[in-house]
Amino acid sequence: MIRFLIKRLLSVSLTLFAVSVVSFLMFFALPKDPVAGMCPKNCNAERLERVRQELGLRDPKVEQYAAYMKGIFVGRDLGSAQGGKCEAPCLGYSYVNSEAVTDTLGRVLPVTLSIVIPAAILWLLLGVGLGMLSALRRGTLLDRLAIGFSLTGASMQLYFVGALLLLIFTYQLKLVPVPHYTSILDNPLDWASGLVLAWMALAFLFSAIYARLARAQMLETLSEDFVRTARAKGLAKRTVYGRHALRAAITPLVTIAGLDVGAALGGTVITETTFGIQGLGRTAVYAVRGGDLPMIMATVLIAAVFVVVANFVVDLLYAAIDPRVRLS
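These lines cover the structure that appears in this document, whether it is placed above or below.

Focus: the overall build of the protein
And then number 1: Within the protein, the secondary structure is distributed over 13 helices and 4 strands.
And then number 2: For the protein, the proportion of contacts with a sequence separation of at least 24, taken over those separated by at least 6, is 64%.
And then number 3: Accessible surface, the protein as shown: approximately 17,600 Å² in total, 65% of it carbon and sulfur.

Re the pattern of salt bridges
And then number 1: Summed over all chains, the structure comprises 3 salt bridges.
And then number 2: Note that Asp143 and Arg215 form a salt bridge whose closest N and O atoms lie 2.7 Å from each other. In this pair, Asp143 is assigned in helix H6 (residues 141-154) and Arg215 in helix H8 (residues 188-222), connecting sequence segments 72 residues apart.
And then number 3: Using a relative accessible area of 3% as the deciding quantity, one classes Asp143 as buried.

Notes on a nonpolar patch on the surface
And then number 1: A contiguous nonpolar patch, built from Tyr159, Phe160, Leu164, Leu167, Tyr171, Val178, Val269 and Ile270 and spanning about 760 Å² of accessible area, is present on the exposed surface.
And then number 2: Among the elements of the structure, helix H7 (158-172) and helix H11 (269-275) are those that each provide at least two residues to the nonpolar patch.
And then number 3: By residue number, the principal contributor to the nonpolar patch is H7, which donates 5 residues.
And then number 4: Position of Val269 among the secondary structure elements: in helix H11.
And then number 5: Take Val269: its relative accessible area is 31%, and that puts it in the partly exposed class.

A few points about the packing of helix H5 (residues 101-136) against H6
And then number 1: The geometry of H5 relative to H6 is characterised by a closest axis approach of 9 Å and an angle of 140 degrees between their N-to-C directions. Our classification of the angle between H5 and H6 gives oblique. Crossing angle aside, the handedness with which H5 passes H6 is left-handed. Contact residues: H5 offers Leu126, Leu130, Leu133 and Ser134, while H6 offers Leu142, Asp143, Ala146 and Phe149.

Parameters and conventions
Residues numbered from 1 in each chain as written. Predicted model: local features only at pLDDT ≥ 70, side-chain atom pairs only at ≥ 80, totals over all residues. Heavy atoms only, no water. Helix = DSSP H or I, 4+ residues; strand = E, 2+ residues; numbered from the N terminus. Contact = heavy atoms within 4.5 Å. Areas by Shrake-Rupley, 256 points an atom, 1.4 Å probe, with all protein chains shown as cover. Salt bridge = Lys/Arg side-chain N within 4 Å of Asp/Glu carboxyl O. Buried < 20%, exposed > 50% of the residue type's maximum accessible area, 1.4 Å probe, protein only. Patch = residues over 30% accessible without salt bridge, like charges linked within 9 Å, V, L, I, M, F, W, Y side chains within 5 Å. Axes fitted to C-alpha atoms, helices over the stretch in contact; angles between N-to-C directions. Parallel < 35°, antiparallel > 145°, perpendicular 65-115°, else oblique. Left-handed = near helix turned anticlockwise from the far one by under 90°.

Right, dumping it as structure tokens:
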């Protein structure tokens, strides 16, 4: 198990290193002058050159990358024009927001996490549960309803479902307020009411997909020899379905779930735009529009961390479910 963990940690480290290099090179590959975007419109050539010196853009690329990575782990001095000392993890200074990038991320990351994590719990419970029940009740009314639910959810888009939920529950029935974000520490009830429509939209779309996948996987597992053998031994249905079939059927779903959660955390642009909530996704969009390259680099890195960490967690869950994975 230790060897398995070491291999996965090395893989995670190498992947994040590659992403950091690529995102850093993007800073210089973009056609727009980064300094021109950071400096006010009335900047003259002397002021632009001074900003380039403060940012270290005249240093060799390797030294600039080393300074950037150093800031992430131990912090660095960005100069008086960029707020002075930047504590770790330092991801640079945003001239568009006139503050350290980490300060901006500290406000928007909890929003994105509050949208995705509860929604993921809902779509996994609803989707996997419905899919498993549908497989066990194959050919019944429940099975037909589950299939219809899956086809409906798979054929819709988030911006349509979100707009429909807003129209019905907020503007017509007035059951929930306009979507907004309040810290769960300040007011848990307001936190939930402000995000419940986003949870419902994501849970509906994703659970429809998971219901179909779980049903197909469960049906395939129930036809395996080891399940027939368990039945032939006279084991109770609860034991056959819960201990044997469910464990084998849910293993592939773990991989998909981890990737979906990681991708949802790193790409919530449509969700946040649909419901008018300022999280990591909308912050990335505004950074691209404004040419805020330090913020662009930071959001790319954060999104990559979400995806890579999600893959790492999937590997750990796989190893816990199937011990044979540890030997790979």
